[in-house]
Amino acid sequence: MKILVTGGAGFIGSAFVRLVMAETGWEVVNLDKLTYAGNLENLAEVESSGRYRFVQGDIADQAAVGALVAETKPDAIVHFAAESHVDRSIISPEPVIQTNLLGTFRLLEAARLNNVPRFVHVSTDEVYGSLPAPEEATEKFPLQPSSPYSASKAGSDMLALSYFVTFRMPVVVTRASNNYGPYQFPEKLIPLMIANALEDRPLPVYGDGMQIRDWLYVDDHCRGILAVLDKGRAGEIYNIGGNRSLPNLDVIHKLLALAGKPESLIQYVKDRPGHDRRYALSSEKILRETGWRPKVDFETGLARTIDWYRANAPWVARVRSGEYRNYYERNYANRV
């Protein structure tokens, strides 16, 4: 089996590539633009494999995407590539529209024209918007996105599903809760707080810190995507949740305790515009139809993640300085 993975140098995409390379005999073609969040160091352990190929490119580039899909003839496309940071989408909305909407359209068209047998579109629980407790969003829940990022993902979800209805293209959509784990770019909550705590720097907490998120260890998410790739029904949506909802402040308290750092590092800052109060998913459908369930409990996953960041301080330093972006030139400039 050969799969085309988009955004495979990002946090979740690279975890998925590593998992596939480790646990299957599949061939993987990784298409990534290498924006600020794409890091080929995350894939150093697989780059020498004859089953792995990296292609630098923009999913919004119609000619490049069309040519790559026609050339590789993948058995499936697993589409991670996205501008995924809410704060960045508020500061500058255009990139999320360009990549998340136009880029998804380009991929869908290339898949349709080349009769790709499977298309998995990876999305987010943020499309459901903020939910009052104890409500949990099922796959039939109305979409209420509240940021340019989540609106662009909701739009791309609908576009992907329309290709099933109109063209009978074998599209499946997944929506996951908040991911965490090794190799995550230190702008999201958990990696930012870990990196700052380990350096005894202030931990900036939005508002009162009581925003509630469901936490999912990244490898569990990737196994969920594999389950949907294998058993998911075309035209369907599958929520992938960690079944562990916590206020951000509770997460930070747990993190500081595990890292052995004082709570005096917490620094409350002004909340961001339109900050959703609570996300919550029901994962009953994927459990029922595929047998998938999360394996890593939150405390274990958080401790594992802190240990990784502590052991990989040079990686964090390179990411924060931008030095990691030279990795491509150092390792690929002289390759055919």
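What comes next is a walk through the structure. Predicted model, so just to flag it, every value in this text is computed and none were measured.

Details of the sheet that holds strand 9 (residues 212–217)
Here's step 1: Strand order across the open sheet formed by three strands is 7-9-11, with mixed pairing between neighbours. Single-partner strands in this sheet number two, and they are strand 7 (178–180) and strand 11 (245–247). If you compare each strand with its neighbour and ignore which way they point, the axes differ by 50° on average.
Here's step 2: Note that strand 9 and strand 11 share three bridges and pair antiparallel. When the bridges of strand 11 are listed, Arg213 appears paired with Leu246.
Here's step 3: Across the sheet, helix 7 (residues 218–231) lies against strand 7 and strand 9, angled at about 75° from strand 9, the strand it touches most.

Side note on helix 7
Here's step 1: Taking 1.5 Å as the rise per residue, helix 7 with 14 residues should run 20 Å; its terminal C-alpha atoms sit 20 Å apart, in good agreement.
Here's step 2: Counting buried positions along helix 7 gives 10 out of 14 residues, so the element sits mostly inside the fold.
Here's step 3: Along helix 7, the residues classified as buried are Val218, Asp220, His221, Cys222, Gly224, Ile225, Leu226, Ala227, Val228 and Leu229.

Let's talk about the pattern of salt bridges
Here's step 1: One pass over the full model with this rule turns up 17 salt bridges.
Here's step 2: We note a salt bridge from Asp58 to Lys33, for which the minimum N-O separation is 3.5 Å. In this pair, Asp58 is assigned in the loop between strand 3 (52–56) and helix 2 (62–72) and Lys33 in the loop between strand 2 (27–32) and strand 3, connecting sequence segments 25 residues apart.
Here's step 3: Via salt bridges that share partners, Arg233, Glu236, Lys285 and Glu289 belong to a single interconnected network.

A short note on the environment of Leu198
Here's step 1: Considering the arrangement of structural elements, one finds Leu198 in helix 6 (residues 189–198).
Here's step 2: Sequence separation between Leu198 and Gly260 is 62 residues, and the spatial gap between their C-alpha atoms is 9.0 Å.
Here's step 3: Dropping the residues within four chain positions of it, Leu198 is found in contact with Ala259, Lys261, Ile306, Tyr309 and Arg310.

Rules used throughout
- Residues numbered from 1 in each chain as written.
- Predicted model: local features only at pLDDT ≥ 70, side-chain atom pairs only at ≥ 80, totals over all residues.
- Heavy atoms only, no water.
- Pairing = 2+ DSSP bridges.
- Helix = DSSP H or I, 4+ residues; strand = E, 2+ residues; numbered from the N terminus.
- Axes fitted to C-alpha atoms, helices over the stretch in contact; angles between N-to-C directions.
- Contact = heavy atoms within 4.5 Å.
- Expected span 1.5 Å × (residues − 1).
- Buried < 20%, exposed > 50% of the residue type's maximum accessible area, 1.4 Å probe, protein only.
- Salt bridge = Lys/Arg side-chain N within 4 Å of Asp/Glu carboxyl O.

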